[in-house]
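Close look at the chain arrangement
Single-letter residue listing:
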Amino acid sequence: MNKLIAIIALFAAATASAYTAATPWETLENDPRIQIDAPTVFMGHAVDYMFTCKDGNNLRTIKPVKQCETIYIGKNQSKEVCKGEKYLSTPINYTRTSWDCNYVGGGQNSRRECEDKVISGTYPLTVMVKVSKVMGGKNDRVEFLFNKAFTVQNCH
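So, here is what we can say about the structure in this document. Quantities reported herein were computed from a predicted structural model and do not represent experimental measurements.

1. Here's the deal with the state of the cysteines
Under the criterion given, the structure shown has three disulfides. What pairs with Cys68 in a disulfide is Cys82, and their sulfur atoms sit 2.0 Å apart. Residues Cys68 and Cys82 share a disulfide whose torsion about the S-S bond is about 95°; that sign makes it right-handed. Here the residue Cys68 occupies a position in strand 6 (residues 65-73), and Cys82 occupies one in strand 7 (residues 77-86), the gap between them amounting to 14 residues.

2. Quick notes on the packing of aromatic side chains
Across all of its chains, the model carries two aromatic pairs by this definition. Aromatic side chains Trp25 and Phe150 sit 5.9 Å apart centroid to centroid with 80° between the ring planes, which places their arrangement in the edge-to-face category. With Trp25 in helix 2 (residues 25-29) and Phe150 in strand 12 (residues 141-151), the pair connects residues that are 125 residues apart, well separated along the chain. Residue classification places Trp25 among the buried residues on the basis of a relative accessible area of 16%.

3. So, the pairing of strand 6
Judged from the eight bridges that link them, strand 6 and strand 7 form a sheet pairing that is antiparallel. Of the residues in strand 7, the one forming a bridge with Thr70 is Glu80. Joining the antiparallel neighbours strand 6 and strand 7 is a turn of three residues, in which Gly74 adopts a positive phi near 75°.

4. Describing the sheet that holds strand 4 (residues 52-55)
A sheet is described by the order of its strands in space; here three strands give the open sequence 4-5-8, paired in antiparallel fashion. Edge positions in the sheet fall to strand 4 and strand 8 (89-91), since each has one partner strand and no second. Strand-to-strand twist in this sheet, taken as the mean axis angle between neighbours without regard to direction, amounts to 25°. Taken together, the three bridges between strand 5 (residues 58-61) and strand 8 define a ladder with antiparallel strand orientation. Paired with Asn58 across the strands is Pro91, a residue of strand 8.

5. Describing the environment of Ser89
Turning to its location among the elements, Ser89 is positioned in strand 8. Residue Ser89 is classed as partly exposed on the basis of its relative accessible area, which comes to 46%. Residues within four places of Ser89 in sequence aside, it is in contact with Met43, Leu59 and Arg60.

6. Comments concerning the pattern of salt bridges
The tally for this structure, following the rule as stated, stands at five salt bridges. Note that Asp55 and Arg60 form a salt bridge whose closest N and O atoms lie 3.5 Å from each other. Look at Asp55 and you get partly exposed, because its relative accessible area is 40%. The shortest N-O distance in the salt bridge between Arg141 and Glu143 comes to 3.8 Å. Accessibility expressed as a relative area gives 33% for Glu143, which makes it partly exposed.

The rules behind these values
- Residues numbered from 1 in each chain as written.
- Predicted model: local features only at pLDDT ≥ 70, side-chain atom pairs only at ≥ 80, totals over all residues.
- Heavy atoms only, no water.
- Disulfide = S-S within 2.5 Å.
- Helix = DSSP H or I, 4+ residues; strand = E, 2+ residues; numbered from the N terminus.
- Phe/Tyr/Trp six-rings, centres within 6.5 Å; stacked < 30°, edge-to-face > 60°.
- Buried < 20%, exposed > 50% of the residue type's maximum accessible area, 1.4 Å probe, protein only.
- Pairing = 2+ DSSP bridges.
- Axes fitted to C-alpha atoms, helices over the stretch in contact; angles between N-to-C directions.
- Contact = heavy atoms within 4.5 Å.
- Salt bridge = Lys/Arg side-chain N within 4 Å of Asp/Glu carboxyl O.

Written as structure tokens, this is what we have:
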């Protein structure tokens, strides 16, 4: 009986480690022992590349995203209020303005000076995604398996 259990455990371990970069995304996503770490796209906040699709000249979320905000009640209480859902999107070829700040002076005379900085770029439609296996155990050790190319599909 113990030999049978050992054989089953060995087979299960061999099957899990048999994944390669050629394994379909659907198979990897459906295995709870597999951890997928994809880059993100900025759409007001970070969105996982694998949750995006191509919509013309934009990347957008595959499904609508809840629109929530935190409302503060008194000094130490807050609650989250959601007001519907919407698709998030961003241009593939983007230009945005951010602040570039430096501290000038020293000591008590120190002050922050900021100026607008224009940032331009292009989100790639194919990115490399890190695929790892959660080994379990006391600290849930994660073992890197491989990198796999992910290509953003057209929206339906």
